[in-house]
Amino acid sequence: MVPRLLLRAWPRGPAVGPGAPSRPLSAGSGPGQYLQRSIVPTMHYQDSLPRLPIPKLEDTIRRYLSAQKPLLDDGQFRKTEQFCKNFENGIGKELHEQLVAQDKQNKHTSYISGPWFDMYLSARDSVVLNFNPFMAFNPDPKSEYNDQLTRATNMTVSAIRFLKTLRDGLLEPEVFHLNPAKSDTDTFKRLIRFVPSSLSWYGAYLVNAYPLDMSQYFRLFNSTRLPKPSRDELFTDDKARHLLVLRKGNFYIFDVLDQDGNIVSPSEIQAHLKYILSDSSPAPEFPLAYLTSENRDIWAELRQKLMSSGNEESLRKVDSAVFCLCLDDFPIKDLVHLSHNMLHGDGTNRWFDKSFNLIIAKDGSAAVHFEHSWGDGVAVLRFFNEVFKDSTQIPAITPQSQPATADSTVTVQKLNFKLTDALKTGITAAKEKFDATMKTLTIDCLQFQRGGKEFLKKQKLSPDAVAQLAFQMAFLRQYGQTVATYESCSTAAFKHGRTETIRPASIYTKRCSEAFVREPSRHSAGELQQMMAECSKYHGQLTKEAAMGQGFDRHLFALRHLAAAKGIILPELYLDPAYGQINHNVLSTSTLSSPAVNLGGFAPVVSDGFGVGYAVHGNWIGCNVSSYPGRNAREFLQCVEKALEDMFDALEGKSIKS
């Protein structure tokens, strides 16, 4: 049960991209040290955020059974119902009461935060494919700015501006505005900044604005996941001022902040990156980066060997760097190549443990690849949007800019690692494993051009519900069944909220999918439209419940975690094959939409599954799907396309072709 890209439910602000209204920048915050100078301090709302509610146990059981219904036959369902009844009246009731009591003792956080960190950090699988996703940037609208050196310099400067703006409390707080004309105004901001932090959330709530949790943001920079036996650790050193740059598997560092904490001049950063890009050193025979793709216990043991072989100082530099910039020596051929390169690459030129890698290819194609334990999509997408907006609208350098006459041979330090025979053997084994695993991953993508959000909203349908319905129909057409499906939803409206699961497979989607796939001629277009409307309504309800912390997955997960922590024998509900099956997410899905994003993606979470990244745009729908042997991503996308064509036909009153 591995959750994924986690970017659901909160429409994005601020708008970015060409033609988007840009926030007025205060005097002196232009192409200098800051992205913006927020009137309201960044963390102003944090103390007064509402706490993540623990759902009532009977609600959780009811929702769980509703999600199980389309996946089980009558006999299996009756058994699962009995397990649920026993749980609700017995051990489940006791565990729930203990969870509520524990939560009351820990008002500074949420009931899911600790167990969720444990789940991520205790996992021993490689972070590559199993956890880390990527988001690729759109190209710079001004094509000459997509030169690798120009874009790398501009994105690096914008990323450091984000760091400074965040740390100095000048980054606009993350707020979900239901009525921006009232709440996203300077007048309101000047007023709310004087409301004490302990009450500020309530002030925003009165004007229909919902501040979001920003507790994860500090881990964006100077942070790394360190491999340790049985449970990893998150490490942050916000005093470090250097950037880590990887090229051809070689490691370089140089300061991007001076001793006073100011950003080093963009022309100097440009000079240092130019120096690195022109370094003719060959790729190392034993590329160290492969180790970050290993099983976590194996990597923990090898890391200890690295430390004791005289590499402690160099590793400290890697771990504490503001972030990792990866410069690739080849252009991107197409969207499938883009996905493979940004999701895993060849293993030599990424430090997969870093909170994020900013990757820039030879043709300026760029992406953020991030480690998932420290945080979710909300923080990463905000960073992503701001970096795109700043680097394209207020670029630090132009393609004509001359680099400073800095002595990069002195300033740029190349890190060298002393490798024993045991370490060389470890790297070789990691490379073999990495190469073998990557060969098994297939990625394919679809751009459905017939329509998108605008058309579906006119039909009074939820665009997300229609996309999810297409995945249900596609799987039914391809494999003849309905399977466990996971859609991620942010619970960042609550203090230390993480995510909740939307369960898109329902009795409604099953009925609708069967009508479209198995017997379209038996139903009129009107009947099919009616079924789609039912699916949309129910999906909207599930989404709203999940965003408000009223799903069932996290609650059951926390109760199970509590039972294990107390040494209680695992309740039979968790031993029921149906529980295992619903958490074997064959369809793992996640959506993100932003004008800055070209596409995003991740691997399947189970060997016989699909990883489905998608976005419903104004007039088209994009879908990026991954699979392992045994499942066929290309065929699945053909079935998704057929499902979308059929639904659009039905909405236009046409008959459906089998």
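Note that the structure is a prediction, hence the values are computed from the model and not measured.

Enquirer: Please clarify how the UniProt feature "binding site: (R)-carnitine" in the protein should be interpreted in this entry.
Expert: Sequence positions flagged by UniProt for "binding site: (R)-carnitine" are, in local numbering, Y486, S488 and T499. On the accessibility criterion, S488 (1% relative accessible area) is buried.

Enquirer: How should I be thinking about the sheet that holds strand β13 (residues 485–490) in this particular structure?
Expert: Across a sheet, strands are paired by hydrogen bonds formed along the backbone, either parallel or antiparallel in direction. The mixed open sheet is built from 6 strands, whose spatial order is β12-β18-β17-β15-β13-β14. For this open sheet the edge positions go to β12 (442–448) and β14 (499–502), each flanked by a neighbour on one side alone. Taken over all neighbouring pairs, the strand axes of this sheet differ in orientation by 25 degrees on average, direction set aside. Set on the sheet, helix α11 (residues 335–343) makes contact with β12 and β18 (621–627); between it and β12 the angle comes to about 130 degrees. Of the strands in this sheet, β13 and β14 touch helix α19 (residues 553–565), which is tilted by about 120 degrees from β14.

Enquirer: Any chance you could explain the packing of aromatic side chains here in plain terms?
Expert: Aromatic ring pairs are defined here through the distance separating the ring centres and the angle between the ring planes. Taken as a whole and judged by the stated rule, the model has 32 aromatic pairs. Centroid distance F137 to F388: 6.4 Å. Interplanar angle 20 degrees. Geometry classified as stacked. With F137 in strand β1 (residues 134–137) and F388 in helix α12 (residues 377–393), this pair connects stretches of sequence that are 251 residues apart. Pair check on accessibility: F137 and F388 agree, each one buried. Against the face of Y145 rests K142, its NZ or CZ located 4.8 Å from the ring centre. The ring of F194 carries R193 above its face, with NZ or CZ at 5.5 Å from the centroid.

Enquirer: Looking at this structure, how should I read the state of the cysteines?
Expert: Structurally, a disulfide amounts to a covalent bond that connects the sulfur atoms of two cysteines. The final tally for this structure, using the stated rule, is 0 disulfides. C326 takes part in no disulfide bond, and the closest cysteine sulfur, belonging to C324, lies 3.8 Å away. The class of C326 is buried, set by a relative accessible area of 0%. Looking at the unpaired C512, the closest cysteine sulfur is the one in C535, lying at 4.2 Å.

How each quantity is defined
Residues numbered from 1 in each chain as written. Predicted model: local features only at pLDDT ≥ 70, side-chain atom pairs only at ≥ 80, totals over all residues. Heavy atoms only, no water. UniProt positions renumbered as here; feature names shortened; annotations may be inferred. Buried < 20%, exposed > 50% of the residue type's maximum accessible area, 1.4 Å probe, protein only. Pairing = 2+ DSSP bridges. Helix = DSSP H or I, 4+ residues; strand = E, 2+ residues; numbered from the N terminus. Axes fitted to C-alpha atoms, helices over the stretch in contact; angles between N-to-C directions. Contact = heavy atoms within 4.5 Å. Phe/Tyr/Trp six-rings, centres within 6.5 Å; stacked < 30°, edge-to-face > 60°. Lys NZ or Arg CZ within 6 Å of the ring centre and 35° of its normal. Disulfide = S-S within 2.5 Å.

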